[in-house]
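In case you want the letters, here they are:
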Amino acid sequence: MGKAHKYIHSKIEIRQDQMKSFQHPHYVITINDITLNDYLNQNTRSSSFDLLVPPIDLFDNRDQQKVLELLSFTNVALPILVCSDDMDFSCTVVAANVEETKDYIIWKTFGYGVDMSKPIHVPPLTFEKDVYREFVEAFKGFIQKYLAHETSLKECPDHISSGND
């Protein structure tokens, strides 16, 4: 019997949706039909994660590229939520240690910072590989759409930023 059997198999998705605490829709990661924010809040008995969002539309394209690259790997610390005010790695970042077993992908531990220097004590999450691959592809798709939009804005010399881009 493999180690993954002691974990509950979870469903994971990413999409744009209305979240509490936000006026406009944001990207949201859901675990078994609740937001990742609520999963973390419930398991830490806090509301510390309410204003965090998945790292899509980051202000620094190097940070954005790093997330895109890390999504392709396992056995890494993957940034999964960032501060919605700063939208970069300089403020609050929540990362998950992504491990791969023969049959599953496990978010085994969670922590603050890209280096996970401060642990967040919540139960691990286990995903079937095909479900996790669908999540990763959707996540990458949202990032690539954002990067393509950013590139098109830079290539358009007549574009005048209104501050709403």
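Please refer to the structure higher up on the page.
Summary of the structure given here. (Residues numbered from 1 in each chain as written. Predicted model: local features only at pLDDT ≥ 70, side-chain atom pairs only at ≥ 80, totals over all residues. Heavy atoms only, no water.)

### Brief notes about the pairing of strand β2 (residues 26-31)
And then number 1: Burial of β2 is extensive: five of the six residues sit out of reach of the surface.
And then number 2: Alignment of strand β1 (residues 12-17) against β2, held across six bridges, turns out to be antiparallel. Bridge pairing in β2 links aspartate 17 to histidine 26.
And then number 3: Note: β2 against strand β3 (residues 34-35), two bridges, orientation antiparallel. Within β3, the position partnered with isoleucine 31 by the bridge is isoleucine 34.
And then number 4: Where β2 folds back on β3, the antiparallel hairpin that results is connected by two residues, among which asparagine 32 adopts a positive phi of roughly 50°. (Buried < 20%, exposed > 50% of the residue type's maximum accessible area, 1.4 Å probe, protein only. Helix = DSSP H or I, 4+ residues; strand = E, 2+ residues; numbered from the N terminus. Pairing = 2+ DSSP bridges.)

### Some points on helix α2 (residues 61-70)
And then number 1: For α2, the complete set of buried residues consists of Asp63, Gln64, Val67, Leu68 and Leu70.
And then number 2: At the N-terminal boundary of α2, the capping side chain belongs to aspartate 60, with an oxygen 2.8 Å from the backbone nitrogen of arginine 62. (Polar contact = N/O pair within 3.5 Å; in protein donor to acceptor, adjacent residues only side chain to side chain.)

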